[in-house]
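Coordinate analysis (summary)
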Amino acid sequence: MTTLPAIHKPLEDADHRGELISCILSFESRIRRQECGPILCELHNLGKISLVSDDNLAAIEALSHNDYWSIVHVFDQAIPELDCSYRDVLKLVHTLVSKAGSVGAAGLPNTSLVRWCKTNPEKAKLIVEGAKSRDELCLSHCVFAIQGLGSATFAFELLEHPNESVVAVGLRALGRLDIDNEVVAKRVIDECCQAIKLSFDQNVRSSAIETAFITWERLDPAESYRQQEVLEAVINANEGDELVQLSAALFYHPKGLATESIDQILGALAGEVSNPRATLHWLDHALHSKRRNCDLAKVIDILAAQIPKLEGSIEPNELHNFSQWIWEDPDNSAQLFSRWLNRGQYELCAFLASMVGEGGKKNTIVDIPRAILPNELVDQIFMARKCVGFLWFHEVTAASILLSIVRNGKKAAREEAEKLLYDPLLLSYSGDLRDFLEEQVKNPSQRISDCIARLIKSHDAYLAGLKQTEHLVEFLPTNAQRRTAAMKDRERNKDIQKQAHKMSIFSQLISHQTLLYGKKTLSIIHGEGGKKFPNITRLLIRNKVSEHYPEI
């Protein structure tokens, strides 16, 4: 195996030809590419190659997605020890970050810049000075320069600048510093609060909100220093994007928030937000079981407000943590189903039906106690009818909700629920539903046991009546009905075959032709040397008399 020092010469020659990046990619193994990072740094510092040359920067910009991620770790190793000007290292880092796009590891080059600034503090200070002069390149990476310097003084200096872009950089830098001094941390909160109250620049406000949440995690949560004040200022501004940012902060920075602050945020998320789907996404991430400290009723209100605003439907697997929370406790599912079925809103009820069908929860029981059931008679009847309509394919779940109304509802609602249990549920389903009802005969509730006894008696009489009529010719389907059913089955099978053919990987490998009529088909086969050979295939035709397919 060739030793690493042996690659010095090929790297130098490749750089002189303007092909350094291609040379690095040509190394046969990923480990070999990573190990050449220190060698590249050494060669650059000796002046034998230039990692920051225009040719190499252009080559990086021209890389494909996969090739870029094959070499990014090489530069991660090389950048921290590079001996070059601050502008050259910023150009290199900026090129790498821009090429990375918005993927999760796009910040890796900036992490390398932080280490470079720790090694070169005097050059890092020049980046800060460049940011004060509103140099675009310095402004883009000044946050990481201050992080490398590790001093809040530079960040506070930027807050005094008259330009909003510079102030935003200073606020973001404060959020990245490791501040363990309570006095300094409170000063950071004060600056964030002032920026949110006085500034109309969206970049400044967003930076202040993020830094405030990060800093609260470093303070005693019991103190909740100016949390109510800051959150009130954000919510009163009524900016939809900032409310989405609050939902993300619930996930990223939950430890520093007091219970009152969490409730305040949840209440705001039930209002108008700029991106309902992103809001639900971050909220669901915040509902992780290990740190779930939210009020369920408020979370349900948020989903009830945002789900109908979505452009498309949302599936329960997209709100996995919320769905898991609902099924963990029967009281949770009772609260959700009672509130949303009583509203009758299509999007919400459809989501309930999807939740029941998710993950094999076919026969999920939802028992709604009296305290959660709607009080008004009209609402109880409305819920009974809605539950049958939306949970039609989940008959056991629908029956469990109807039995809750039988046990806890008003008299007229109980009668309506019993009617719906029999017709259409019990008349349409037997199987699991009948088994479930038979199990409930021993229910401690006298109302339920009496109701089920009547239902089973009526159902038995109905089944007995069906058996008496099963041999009557008048009840058998006619020939026309049988023919219609056969035609529908044939058409459905054709559609299934077409869809299967489209999805088959083999159909993409073989050319095919569809002929409406004819006795033979002609196709041309291209052979070696451009020669063409005709291929004639004789067709088969259906004999209408014998229904065979004789060859012509």
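What comes next is a walk through the structure. Keep in mind that what you see is a predicted model, and the values were worked out from it rather than measured. (Residues numbered from 1 in each chain as written. Predicted model: local features only at pLDDT ≥ 70, side-chain atom pairs only at ≥ 80, totals over all residues. Heavy atoms only, no water.)

1. Thoughts on the pattern of salt bridges
With the rule as written, the count across this model stands at 23 salt bridges. Here R87 makes a salt bridge to D135, at a shortest N to O gap of 3.3 Å. Of the two residues, R87 is situated in helix 7 (residues 86-100) and D135 in the loop between helix 9 (121-132) and helix 10 (136-149); the sequence distance between them amounts to 48 residues. R87 sits in the partly exposed class, given a relative accessible area of 30%. On the basis of relative accessible area, D135 is assigned to the partly exposed category, the value being 24%. When the shortest N-O distance is used, the salt bridge between E438 and R434 registers 2.8 Å. Separated by four residues within a single helix, E438 and R434 lie in helix 26 (residues 431-439), roughly one turn from each other. Taking the relative accessible area as the measure of exposure, E438 reaches 38% and is therefore partly exposed. One salt-bridge network, in which partners are shared between bridges, spans D190, K197, R226 and E229. (Salt bridge = Lys/Arg side-chain N within 4 Å of Asp/Glu carboxyl O. Helix = DSSP H or I, 4+ residues; strand = E, 2+ residues; numbered from the N terminus. Buried < 20%, exposed > 50% of the residue type's maximum accessible area, 1.4 Å probe, protein only.)

2. Side note on the nonpolar core
Ranked by size, the top nonpolar core spans 163 residues in total, and within it L11, F322 and W340 carry the most contacts. Sort the elements by how many residues they give to this core and helix 10 lands first, with nine residues. Setting aside residues up to four positions removed in sequence, L11 forms contacts with L20, C23, I24, F27, I39, L40, L43 and I49. (Core = buried A, V, L, I, M, F, W, Y, C linked by side-chain atoms within 4.5 Å. Contact = heavy atoms within 4.5 Å.)

3. Regarding the packing of aromatic side chains
Per the stated rule, a full pass over the model turns up nine aromatic pairs. Seen in terms of ring centroids, Y68 and W69 are 5.0 Å apart; in terms of plane orientation they differ by 80 degrees. Their pairing is edge-to-face. Judged by its relative accessible area of 1%, Y68 falls in the buried class. Taking relative accessible area as the criterion, W69 reaches 22% and is therefore assigned partly exposed. Plain terms: the ring middles of W340 and F351 are 6.1 Å apart, the flat faces sit at 65 degrees to each other, and that makes the pair edge-to-face. One end of the pair, W340, is in helix 21 (residues 330-343); the other, F351, is in helix 22 (residues 346-357), and eleven residues separate them in sequence. With a relative accessible area of 1%, W340 lands in the buried category. Its relative accessible area of 2% is what places F351 among the buried residues. (Phe/Tyr/Trp six-rings, centres within 6.5 Å; stacked < 30°, edge-to-face > 60°.)

4. So, a positive patch on the surface
Among the surface-exposed residues, R490, K494, K498 and K502 lie close enough to one another that they form a single positively charged patch. Residue position: K498 is located in helix 28 (residues 479-503). Taking relative accessible area as the criterion, K498 reaches 53% and is therefore assigned exposed. (Patch = residues over 30% accessible without salt bridge, like charges linked within 9 Å, V, L, I, M, F, W, Y side chains within 5 Å. Areas by Shrake-Rupley, 256 points an atom, 1.4 Å probe, with all protein chains shown as cover. Lys, Arg positive; Asp, Glu negative; His and termini not counted. Charge placed at Lys NZ, Arg CZ, Asp CG, Glu CD.)

5. What to know about helix 11 (residues 152-159)
In terms of burial, helix 11 is largely enclosed, as six of its eight residues are buried. Buried positions along helix 11 lie against helix 9, helix 10, helix 12 (164-176) and helix 13 (182-198). The N-terminus of helix 11 is capped by S151, whose side-chain oxygen sits 3.3 Å from the backbone nitrogen of T153. (Polar contact = N/O pair within 3.5 Å; in protein donor to acceptor, adjacent residues only side chain to side chain.)

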